[in-house]
Structures are given as structure tokens and as C-alpha cells.
Amino acid sequence: MQNITSAQAMQRLVLAARRKGQRIGVVPTMGFLHEGHASLIREARVVSDTVITTIFVNPLQFAPNEDFTRYPRDLERDTRLAESAGCDVLFTPTPEEIYPHGFQTTISVGGVTEPFEGVFRPTHFDGVATVVAKLFHLTQPDKAFFGQKDYQQCMVVKKMVSDLAMPLEIVICPTLRETDGLAMSSRNVYLSAEDRQKATVLFQALQVAKTLIQSGERRRMVLEEALKTIILRQSGITIDYAAAADSETLAQPDEFSSEQAVVLLLAVRLGTTRLIDNLVV
Ligand code: AMP
């Protein structure tokens, strides 16, 4: 596996690969890799000749009060994990490579960025869209792989790609979970042993709401109350949102039709750690 840090070297490598007709798969990450990331790399491996994993903790997508400086980093471990999952090129640019002095462009996607995460992290998706667009230009993928774990992010990236006619396909991969149901996340290392235990309530709440939907409950408020009641049974958790929405538009009707696929979306705070999860039913 090659490690590239320069944007120019990255672009040179992919242009040469594309000239040879190679299919390029890219997995954008912020590092501190876990099995969820590895599953994306393995998926990319199956359908690509060159698999690129990018590791970049993107300052633009963190608000000043968020965890940018303490975000966990371990490049040595990431290198081993990426290579064993089948990655060919690890791209680990510095902030100066991505945002050289004088950088002044922002990509701002409307609509799907507004509810849920958009309410609590109003500048977040501009940062995500801008860095993902830049990474796409540097790596020129045929396919880019994202995790359903970040449901709204997937919608934002898909919308950007479609609106700007970017010539690539976005592949959404399922959320990998710990054995007790907690969605794998680099941020789980922030949790104390006690909070780690409490965090399982997210998956439990999603499962209960899923069972309600499957038994015919379509009233949004009833589903959302069920999510909230279960989560708040644990002490020390605050809810940013616990919502049910149309899985394609994120619309929130009073009642879902029987054909409508519903996405259950959660964001909670446990101490200083913010966790998100979701389930499509
Ligand atoms: P991150 O490093 O957290 O920005 O995540 C990089 C990519 O990995 C994103 O597309 C995430 O949605 C995806 N990802 C993160 N956690 C998981 C997980 N538990 N299962 C599947 N994909 C994940």
C-alpha cells in the first residue's frame, strides 16, 4: 500500500490509473478506523482496480465548540487496518494541502441539509460538501463509498453529485454495529465505561420503533414519543432529536402512508459525547 500526502501526487497517480482504464474506488474517512470503515474498503475492493482511502480530519466541518482538536488519531493503526482491508493507496493530506493559503470556495447544498443535523450543526454540511467535492477532484473515483451510519450526510453527498453532475456513483453501505447493537464510531472511544453501557439504548429505541412500524403504527408523533421514552429511561442522556421521517425526502408528515419507507433518526448527548444513529424501516 502506498501512502500519499501531497494533493498533486494524488491527482497524478489517479490520472495515470485512469489512463490505463482502471476503475477507482474511494473511501473518504476522518481516520481512527474501525470495522465500519474496513467494510467500506472491502466493498470498494470488490468493484475497483485501485482502492483509495482518504484520512482527513476536516477542520471545516467542525464548529469552534466541537471536538476537532481532540478527535482521535492513530495513523499507524489506520495504516495496518486499511491495508488488511484491501486498500491500495492511503491519502493523508494536511489541512494546508486541502485548503491552501487563500482558499475561498464553499459548496453549500440546500434542502436536505436543513433539518436534524442542520439544526444542531448549522455549518457542518457546508464543510462536508466542500471537502468531499475537493477529495473527489483529487481522487477522481468511479465509485465513492459512504456509510449509512451518517444518513443525512449520504443524502447531502448524493444531492451534490447529482446537482453538479459529478461523474461518479455514490455507494451506500450498511451500518456495522458492536455485538450489543451500538453503531461503530471513532467517537465511541470518548465514552466512559458507564456511558458506553448506556449508549446501547439508541439501538434498543430504534428496534422498538421498528417493531411499532412493522405492526402498522404510522403516526409520526407516536413513533417519536416511543423513541424518546426509551432513550430518556437512561439517566444522563439528552436528546438533540429523535425523529421519524420519509427516508427519501426527510419530510415529516403527521402520518406516513403504508408505502412510505420511514427513517428513524437519533442524535443524543452522553456527557460531552454526541452520538448519532438511524434505521430505515
Ligand atoms: P468518519 O471517519 O466517521 O467520517 O466515517 C467515514 C465513513 O465511514 C463515512 O461514510 C461513514 O458513514 C462511514 N462509517 C462510519 N461508521 C460506520 C459504521 N459503523 N458502519 C458503516 N460505515 C460507517
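Residues numbered from 1 in each chain as written. Predicted model: local features only at pLDDT ≥ 70, side-chain atom pairs only at ≥ 80, totals over all residues. Heavy atoms only, no water.

### So, the site of the ligand
Stated formally: We call a residue near a given molecule or strand whenever any one of its heavy atoms falls within 4 Å of it. Whenever a nitrogen or oxygen atom comes within 3.5 Å of another N or O atom, the pair is scored as a polar contact, on the condition that within protein one atom can donate a hydrogen and the other can accept it, and that pairs from neighbouring residues in sequence are kept only if both atoms are in side chains. Using a 1.4 Å probe, the Shrake-Rupley method yields the accessible areas, and only the shown protein chains count as cover for residues. Think of it this way: any DSSP run of H or I at least four residues long counts as a helix, any run of E at least two long counts as a strand, and we number them from the N terminus.
Around the ligand, the structure places 17 residues, and the nearest of them are Met30, His37, Asp150, Leu176 and Met184. Leu176 is positioned with one of its backbone polar atoms (N or O) 2.8 Å from a nitrogen atom of the ligand. Between the ligand and Met184, the relevant distance is 2.9 Å, taken from a nitrogen atom to a main-chain nitrogen or oxygen of the residue. Contact with the protein chains hides 93% of the accessible area of the ligand, taken as 480 Å² for the molecule alone. Ranked by residues supplied to the shell around the ligand, first place goes to helix 2 (residues 35-47) with three residues.

### Things to note about the nonpolar core
Heads up, the condition is: What is meant by a nonpolar core is a set of buried Ala, Val, Leu, Ile, Met, Phe, Trp, Tyr and Cys residues, joined one to another through side-chain atoms within 4.5 Å. The cut-offs for exposure are 20% and 50% of the maximum accessible area for each residue type, with area from a 1.4 Å probe on protein chains only; residues under the lower value are buried, those over the upper are exposed, and the others partly exposed. Start and end positions for the domains come from either an automated domain assignment or a database one. Pairs of residues are marked as contacts when any of their non-hydrogen atoms sit within 4.5 Å.
Grouped together as the largest cluster of nonpolar side chains are 45 residues, with contacts concentrated most on Phe136 and Met160. Elements that contribute at least two residues to this core include exactly helix 1 (7-19), strand 2 (24-29), strand 4 (89-91), helix 6 (124-139), strand 5 (143-147), helix 7 (151-163), strand 7 (237-246) and strand 8 (262-270). Three or more residues apiece are contributed to this core by two domains, here domain 1 (2-173) and domain 2 (186-280). Excluding residues that lie within four positions of it along the chain, Phe136 makes contacts with Pro141, Ala144, Phe146, Val157, Met160, Val161, Met166, Leu168 and Ile170. The next biggest cluster of nonpolar side chains, apart from the first, holds 24 residues, and it includes Val201, Val262, Leu270 and Leu279.

### Considerations on the pairing of strand 8
In summary, the side chains of a regular strand alternate between the two faces of the sheet. For clarity, the cut-off: Following DSSP output, two strands are said to pair if at least two bridges run between them.
With eight of its nine residues buried, strand 8 lies for the most part within the structure. Bridging between strand 7 and strand 8 involves nine bridges; their strand directions are antiparallel. Residue Ala244 lies in a different strand from strand 8, and its bridge partner there is Leu264. The sheet contact formed by strand 8 and strand 9 (residues 273-280) spans eight bridges and is antiparallel. Within strand 9, the residue paired with Arg269 across the bridge is Arg274. Linking strand 8 back to strand 9 in an antiparallel pair, the connection comprises two residues, with Gly271 at a positive phi of about 60°.

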